[in-house]
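Chain by chain, the residues run as shown.
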Amino acid sequence: MDDEKRTLPEEPREDLIVGRNAVAEALRAGRQIDSVLAARGERGGPFASLLGQCRRKGIPVKEVDPRRLDKLCGPHHQGIAAVAACQKYATVDELFAAAEDRGEPPLFVVCDELEDPHNLGAVLRTAEAAGAHGVIIPKRRAAGLTSAVYKASAGAVEYVPVARVSNITETLKELKKRGLWIYGLDREGEPWCSTDLTGAAALVLGSEGRGISRLVREQCDFVLSLPMRGHITSLNASVACGIALYEAARQRLQIPAKQPSL
């Protein structure tokens with residue numbers, strides 16, 4: 001059998017819980033799980049029951065080619081592996097509590113299907129440095145709190161609460177009801193540096209390839225853009241986020257412009 005000749009994957013994943021019994025025990029123990037990878041075509045009572053438990057707990061289940069599981073886990077995965085979250089997810093209420101504890105108007109970052117874990121890690125790192133009170137991500141079609149995100153964030157995951165929600169559009173509606181202004185970052189909008197960002201605000205980033213989705217954009221009170229003076233028409237999502245976050249930080253700290261020395 002080819003599987004018997006396989007060795008461990010070239011880049012073993014430290015955040016994987018491999019095998020049916022191990023995944024079942026992780027669920028029973030209440031372990032924070034980001035997602036579950038299930039071999040495409042697997043069926044059967046115990047296997048289906050295990051996936052049903054995952055779905056009832058709101059854990060995204062992703063069907064993958066069995067050969068991908070072989071590469072990630074080695075040959076003894078039994079058709080399933082769970083991606084363990086590197087940090088406990090927060091609730092949206094906990095993000096508001098973080099702002100209240102610091103006596104500041106809330107400043108959140110909302111990621112609309114940001115898929116690259118390195119981008120999400122960079123967003124978390126900048127959010128922590130700029131004083132944002134939390135980051136909101138969707139459960140599906142987006143990067144979660146994996147070990148790759150932890151490394152890319154340089155440990156910022158330990159300090160920035162991350163809430164994972166089922167529906168970004170509905171979450172934005174909730175944020176608006178609770179007094180936040182929603183600012184989307186896109187190519188076509190008003191200048192980022194001429195907008196008042198001192199109040200309760202959420203900055204919305206789109207996905208790497210598609211940008212902000214139509215339904216999410218419709219919930220934005222304002223759309224901000226950055227000047228693009230070169231030939232490239234867009235910036236990396238985490239870079240755009242960093243510029244906007246630091247403009248918000250500058251305004252909130254009321255840092256005066258530096259005067260030239262005489």
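Let me begin by describing the structure that accompanies this report.

What follows deals with the pattern of salt bridges. All told, the structure shown has 13 salt bridges when counted by the stated rule. The partner of Asp221 in a salt bridge is Lys176, and the shortest N-O contact between them spans 3.6 Å. Taken together, the positions of Asp221 in the loop between α9 (214-218) and β10 (222-225) and Lys176 in helix α8 (residues 168-177) put the pair 45 residues apart, joining distant regions of the chain. For the salt bridge of Arg250 with Glu247, the shortest nitrogen-to-oxygen distance reads 2.9 Å. Here Arg250 pairs with Glu247, and both are found in helix α10 (residues 237-253), just three residues apart, close to one helical turn.

Relative to the helices and strands, Gln219 resides in the loop between α9 and β10. Those residues in contact with Gln219, other than ones at most four positions away along the chain, are Thr169, Leu172, Lys173, Lys176 and Ile182.

Attention now moves to the sheet that holds strand β4 (residues 80-84). Strand order in the open sheet made by the four strands is β1-β4-β2-β3, with mixed pairing throughout. Where the open sheet ends on each side, the last strands, each with one partner, are β1 (16-18) and β3 (61-64). With strand direction ignored, the average angle separating the axes of adjacent strands in the sheet is 25 degrees. Pairing of strand β2 (residues 33-39) with β3 involves four bridges; the strand directions are parallel. Bridging across to β3, Val36 finds its partner in Val61. Helix-sheet contacts for helix α3 (residues 45-56) involve β2, β3 and β4, and the interaxial angle to β2 is about 155 degrees.

At their nearest, the axes of helix α6 (residues 117-130) and α10 sit 9 Å apart, and the two run at 10 degrees to each other. Relative to α10, α6 is oriented roughly parallel. Note on element contacts: α10 touches α6 through Ser238, Cys241, Gly242, Leu245, Tyr246 and Ala249, opposite Asn119, Ala122, Val123, Thr126, Ala127, Ala129 and Ala130.

Looking now at the packing of helix α2 (residues 20-28) against α3. The geometry of α2 relative to α3 is characterised by a closest axis approach of 11 Å and an angle of 30 degrees between their N-to-C directions. Considered as vectors, α2 and α3 are oriented roughly parallel to each other. Judged by the twist between their axes, the crossing of α2 over α3 is left-handed. Contact with α2, carried on its side by Arg20, Val23, Ala24 and Leu27, involves Phe47, Leu50, Gln53 and Cys54 of α3 and no other residues of that element. Residue composition of the contact of α2 with α3, grouped by class: six nonpolar, one polar and one charged.

This part is about helix α5 (residues 92-101). Within α5, burial applies to Val92, Leu95, Phe96, Ala98 and Ala99. What you see down the axis of α5 is that its buried residues fit within an arc of 150 degrees, all on one side. Summarising the geometry of α5, the exposed residues directed more than 90 degrees from the buried face are Glu100 and Asp101. Contacts from the buried residues of α5 go to β5 (107-111), β6 (134-138), β7 (162-165) and α8. Positioned one or two residues after α5, Gly103 has a phi angle of 65 degrees, which is positive.

So, about the environment of Ala202. Relative to the assigned elements, Ala202 resides in strand β9 (residues 201-205). Sequence spacing of Ala202 and Ile182 is 20 residues, and the spatial spacing of their C-alpha atoms is 5.0 Å. Excluding residues that lie within four positions of it along the chain, Ala202 makes contacts with Phe108, Val110, Leu175, Leu180, Trp181, Ile182 and Tyr183.

The next point concerns the sheet that holds strand β8 (residues 181-191). Pairing is parallel in the open sheet, where six strands are placed in the order β7-β6-β5-β9-β8-β10. Two strands bound the open sheet, and with one partner strand each, they are β7 and β10. Ignoring strand direction, the axes of neighbouring strands in this sheet form an average angle of 30 degrees. Sheet topology note: the β8/β9 ladder contains four bridges and is parallel. In the strand pairing of β9, Ile182 is matched with Ala202. Lying on the sheet, α5 is in contact with β5, β6 and β7; it crosses β6 at an angle near 165 degrees.

About the criteria used
Residues numbered from 1 in each chain as written. Predicted model: local features only at pLDDT ≥ 70, side-chain atom pairs only at ≥ 80, totals over all residues. Heavy atoms only, no water. Salt bridge = Lys/Arg side-chain N within 4 Å of Asp/Glu carboxyl O. Helix = DSSP H or I, 4+ residues; strand = E, 2+ residues; numbered from the N terminus. Contact = heavy atoms within 4.5 Å. Pairing = 2+ DSSP bridges. Axes fitted to C-alpha atoms, helices over the stretch in contact; angles between N-to-C directions. Parallel < 35°, antiparallel > 145°, perpendicular 65-115°, else oblique. Left-handed = near helix turned anticlockwise from the far one by under 90°. Nonpolar A, V, L, I, M, F, W, Y, C, P; charged D, E, K, R; others polar. Buried < 20%, exposed > 50% of the residue type's maximum accessible area, 1.4 Å probe, protein only. Arc of directions from axis to C-beta.

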